[in-house]
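Here's the letter readout for the chains.
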2 protein chains.
Amino acid sequence: MTKEDLTDCYNRIRPYIHNTPILTSNLINTLVGAELYFKCENFQRAGAYKIRGATNAIMQLSKAQQQNGVVTHSSGNFAQALSLAAKSLNIKAYIVMPSNSPQVKKNAVLEYGGEIVECEPTIEARQKTADQIANRTGATFIHPSNNPNVIIGQGTAGLELLNEHSNLDYIFCPIGGGGLIAGTALAANYFSDQCKVIGGEPLEADDAYRSFISGKIESNLTTNTIADGLRTQLGSYNFPIIKAHVKQIIRVNETEIVDAMQLIWERMKIIIEPSSAVAFAAILKEKDNFKQQKIGVIVSGGNVDVNNLPF
Amino acid sequence: MTKEDLTDCYNRIRPYIHNTPILTSNLINTLVGAELYFKCENFQRAGAYKIRGATNAIMQLSKAQQQNGVVTHSSGNFAQALSLAAKSLNIKAYIVMPSNSPQVKKNAVLEYGGEIVECEPTIEARQKTADQIANRTGATFIHPSNNPNVIIGQGTAGLELLNEHSNLDYIFCPIGGGGLIAGTALAANYFSDQCKVIGGEPLEADDAYRSFISGKIESNLTTNTIADGLRTQLGSYNFPIIKAHVKQIIRVNETEIVDAMQLIWERMKIIIEPSSAVAFAAILKEKDNFKQQKIGVIVSGGNVDVNNLPF
């Protein structure tokens, strides 16, 4: 994945995504003792950065492949993103969702035009059902994070951030499957001389942290975190990029995640989901190491059930 | 209050306020059938447009007056705004608050450097206590809305909106004491040929609507609304401007306010307070009358207790 791949991807998907605003807060800067630039992907189409990678992955398919549609398994933001990206490009999206997915998530997929196929709520059933659809319809399977075209697409958020703030010392982003941080790390590597990328990860789903230490992909021991977007497993395409280009992974506990989320809500007046708060929580936790630095923060998404908040 | 007064005011206060972002949402535009431009004063310093008028009112005092400080009575956004504006201008602010004000509101005033003076929770006690402070300290009383310099200051939000979108057909804003809508109406009158200003008001605190109909200032019969910023009484400086330059006042009930607020939270991912939702609720209620129109909406503030939401 070269610098040109990233530039080409950005030019390709630009008509289908928002160049989201970058917000700052004097109050938060004072609190942290650094300059923070929040890249607001919570304002992105379908409420999260995922539309970037979804759009790129679809656009990189051949015309023949596109005619047969795409399929993924997700009950989260990628389900909505792939549905909306497919709708914008006028192709079919099959979304495999566990039968116990909340109705609000199913409704969001339906609203964006995705066709839901329910499966048993196990990881095996998800993949098996997606494979069956691919076999039956000819749809191409698109993994929510472990796919090179998805990774490159997710990197365009960091690219936009560096386009506007070329002098950033750091970019923080959350780590779940690793698509966002791998893409961001590529963007920082290709488009900045000094910007280092740091991941925030829930202590309760710390497969990436432990993989980073051990040098091989580890599995989550627990996924008992409020950051529902980060419960997924680190992927084989993402991990080598993370090993090569990510400086550090900082783990945060559940209280730190909720406190960081509430602080952003109250001070910045923007709605961010728990997964997005993880990156900011990591900065808060180790703020003494980042005094006076210029720090980009990718606010990954804002899809949260406002009727069911942790505070 | 001339066009030049408004321009001068804007140039005066610009260093002390944010030119807040204007956000749009395809989803909401589709829902309403019009083009909406949300002027996000929830991102303003101290979380509301009130800092504009507070700053202007203080800056229009003489040096001698400024040395004695300012005093107001408010338990809401103006208390925080005057505290912060005074702090920025290095002068003293006394804030009269009812003794039963929530601690969270007192803390916000203290954080911004205001000196709280508690009084009995009656309208009479508020004014009496403020008068006593003015007599004792020489501080100048600044009313939260019924003050020409405050009105002019609040008009700068509409001015910024029209600077960026000169072709607006309408601007909607909420009505409480009337400072925001009077200022906005002046801005539209002076800086647009076609833009009409419409107010949204809670049915449960509809003094402005009834005053608009009867032609004289009426009092609220109830103030039983979640829109806590709009429970105040329309003022004598505001009303003539509203009569002259506001096209219409639309009343909305409590369910309409809460539904509009939740819609903004969920779709735009921004935190707005109930009072801000009133203007958008008014558009939703009468959307059939505004098809294809370009509508500015002043999102007045984002100060809400996230631990105590109406949904």
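The structure presented is a predicted model; accordingly, all values stated were derived computationally and were not measured. (Residues numbered from 1 in each chain as written. Chains lettered and ligands numbered in written order. Predicted model: local features only at pLDDT ≥ 70, side-chain atom pairs only at ≥ 80, totals over all residues. Heavy atoms only, no water.)

Scanning chain A from N- to C-terminus turns up 13 helices and ten strands. Relative to its length of 311 residues, chain A is compact, with a C-alpha radius of gyration of 18 Å against a globular reference of 19 Å. By the burial criterion, 59% of the 311 residues in chain A qualify as buried. Taking all contacts inside chain A whose residues are at least 6 apart in sequence as the whole, residues at least 24 apart take part in 72%. Carbon and sulfur atoms make up 45% of the accessible area of chain A, which amounts to about 11,900 Å² in all. Distance between charge centres in chain A, computed from 28 positive and 29 negative side chains, equals 3 Å. (Helix = DSSP H or I, 4+ residues; strand = E, 2+ residues; numbered from the N terminus. Rg over C-alpha atoms; globule rule 2.2 N^0.38 Å. Buried < 20%, exposed > 50% of the residue type's maximum accessible area, 1.4 Å probe, protein only. Contact = heavy atoms within 4.5 Å. Areas by Shrake-Rupley, 256 points an atom, 1.4 Å probe, with all protein chains shown as cover. Lys, Arg positive; Asp, Glu negative; His and termini not counted. Charge placed at Lys NZ, Arg CZ, Asp CG, Glu CD.)

The partner chain A presents 24 residues to the 24 residues of chain B that form the contact. When the buried area of chain B at its contact with chain A is split by residue, Lys269, Ile271 and Val306 of chain B rank highest and sum to 33% of it. The interface formed by chain B and chain A contains two salt bridges. Here arginine 267 of chain A and glutamate 111 of chain B are joined by a salt bridge, their closest N and O atoms 3.1 Å apart. At the boundary of chain B with chain A, the tally comes to eight residue pairs in polar contact (both at pLDDT 80 or more). The greatest single-element share of the side of chain B that touches chain A, amounting to five residues, is contributed by helix H12 (residues 254-268) of chain B. (Buried area = accessible area lost by both parts, 1.4 Å probe. Salt bridge = Lys/Arg side-chain N within 4 Å of Asp/Glu carboxyl O. Polar contact = N/O pair within 3.5 Å; in protein donor to acceptor, adjacent residues only side chain to side chain.)

Attention now moves to the pattern of salt bridges. Residue and element names in this part refer to chain A. Counted by the stated rule, this structure contains 24 salt bridges over all chains. We note a salt bridge from lysine 105 to aspartate 228, for which the minimum N-O separation is 3.4 Å. Of this pair, lysine 105 sits in helix H6 (residues 103-111) while aspartate 228 sits in the loop between helix H10 (207-214) and helix H11 (238-245), and the two are 123 residues apart along the sequence. What makes aspartate 228 partly exposed here is its relative accessible area of 32%.

Residue and element names in this part refer to chain B. Counting buried positions along strand E10 (residues 294-299) yields five of six residues, so the element is predominantly enclosed. Note: strand E2 (residues 35-40) against E10, six bridges, orientation parallel. Across the sheet, the residue bridging to tyrosine 37 is glycine 296, located in E10. Note: strand E7 (residues 170-174) against E10, three bridges, orientation parallel. Bridge pairing links phenylalanine 172 to valine 297 in E10. (Pairing = 2+ DSSP bridges.)

Trp265 of chain A together with Trp265 of chain B are the most contacted members of the largest nonpolar core, which totals 81 residues. Ranked by the residues each element gives to this core, the list is headed by H12 of chain B, at eight residues. When sequence neighbours within four positions are dropped, the list of residues in contact with tryptophan 265 of chain B reads Trp265, Ile271 and Val306 of chain A together with Ile270, Ile271, Ile272, Val304, Leu309 and Phe311 of chain B. (Core = buried A, V, L, I, M, F, W, Y, C linked by side-chain atoms within 4.5 Å.)

Here we take up the packing of aromatic side chains. A full pass over the atoms with the stated rule returns eleven aromatic pairs over all chains. When the ring of phenylalanine 172 of chain A is compared with that of phenylalanine 290 of chain A, the centres are 5.3 Å apart and the planes differ by 85°; the resulting orientation is edge-to-face. Separated by 118 residues along the polypeptide, phenylalanine 172 of chain A in strand E7 (residues 170-174) and phenylalanine 290 of chain A in the loop between helix H13 (274-285) and strand E10 (294-299) bring together distant segments of the chain. For the pair formed by phenylalanine 172 of chain A and phenylalanine 290 of chain A, the shared burial category is buried. Over the face of the ring belonging to phenylalanine 191 of chain B we find lysine 3 of chain B, whose NZ or CZ atom lies 5.1 Å from the ring centre. (Phe/Tyr/Trp six-rings, centres within 6.5 Å; stacked < 30°, edge-to-face > 60°. Lys NZ or Arg CZ within 6 Å of the ring centre and 35° of its normal.)

It is worth spelling out the relation of the copies chain B and chain A at this point. Copy one and copy two of the chain differ by a rotation about a common axis and a shift along it. Superposing chain B onto chain A takes a rotation of 180° plus a shift of 0.0 Å along the axis, which leaves an RMSD of 0.0 Å. On this basis, the relationship between the two copies can be described by a two-fold rotation axis. Residues of chain B ranked by C-alpha distance from the rotation axis are headed by isoleucine 270 of chain B, positioned 2.2 Å from it. Both copies share a contact surface, since 100% of the interface residues of chain B are interface residues in chain A too. (Least-squares fit on C-alpha atoms with pLDDT ≥ 70 in both.)

Residues and elements named next belong to chain B. Mapped onto the elements, lysine 39 comes out in strand E2. Lysine 39 sits in the buried class, given a relative accessible area of 0%. Within the structure, the side chain of lysine 39 is placed 3.0 Å from the backbone oxygen of threonine 20, a separation counted as a polar contact. Contacts of lysine 39, omitting those with residues within four sequence positions, involve Asn19, Thr20, Pro21, Ile22, Arg52, Ala157, Glu160, Leu161, Val297, Ile298 and Val299.

Confidence in the prediction for chain A averages 96 pLDDT; 100% of positions are at 70 or higher. Both confidence scores are given for the complex: pTM 0.95, ipTM 0.93. (pLDDT = per-residue confidence, 0-100.)

Moving on to the environment of threonine 137 of chain B. Residues and elements named next belong to chain B. Structurally, the position occupied by threonine 137 is in helix H7 (residues 123-137). The spacing of threonine 137 and asparagine 163 is 26 residues in sequence and 41 Å in space, taken between C-alpha atoms. Not counting the four nearest positions on each side in its chain, threonine 137 is found in contact with Asn68 and Tyr94. At a separation of 2.7 Å, a polar atom in the side chain of threonine 137 contacts the main-chain carbonyl oxygen of isoleucine 133. Among the polar contacts listed, one links the side chain of threonine 137 to the backbone nitrogen of alanine 139, at a separation of 3.0 Å.

Turning our eyes to something else, we now look at the domain arrangement of chain A. All names here are of chain A. With domains assigned, chain A is organised as domain 1 (3-45 + 148-299) and domain 2 (51-141). Taken over C-alpha atoms, the centre of domain 1 sits 24 Å from the centre of domain 2. With 21 residues of domain 1 at the contact, the number on the domain 2 side is 14 residues. Here domain 1 meets domain 2 over a buried area of about 1,400 Å², counting both sides, of which 54% is carbon and sulfur. (Domains from an automatic or database assignment.)

Residues and elements named next belong to chain B. At a closest axis distance of 8 Å, the pairing of helix H3 (residues 50-59) and helix H5 (residues 77-88) adopts a crossing angle of 50°. With respect to H5, the element H3 is oriented oblique. Two packed elements cross with a definite hand, and for H3 against H5 that hand is right-handed. Of the residues in H5, those touching H3 at Lys50, Ile51, Ala54, Thr55 and Ile58 are Asn77, Phe78, Ala81, Leu82, Leu84, Ala85 and Ala86. Residue classes in the contact of H3 with H5 are distributed as nine nonpolar, two polar and one charged. (Axes fitted to C-alpha atoms, helices over the stretch in contact; angles between N-to-C directions. Parallel < 35°, antiparallel > 145°, perpendicular 65-115°, else oblique. Left-handed = near helix turned anticlockwise from the far one by under 90°. Nonpolar A, V, L, I, M, F, W, Y, C, P; charged D, E, K, R; others polar.)

In sheet architecture, strand pairing relies on hydrogen bonds along the backbone and comes in two forms, parallel and antiparallel. Residue and element names in this part refer to chain B. Strand order across the open sheet formed by six strands is E1-E2-E10-E7-E8-E9, with mixed pairing between neighbours. Edge positions in the open sheet fall to strand E1 (22-23) and strand E9 (246-252), since each of these has one partner strand only. Where E7 lies against strand E8 (residues 196-202), five bridges are found, and the strand directions are parallel. Within E8, the position partnered with tyrosine 170 by the bridge is lysine 196. Lying over the sheet, helix H13 (residues 274-285) contacts E2, E7, E8, E9 and E10, oriented at roughly 100° with respect to E9.

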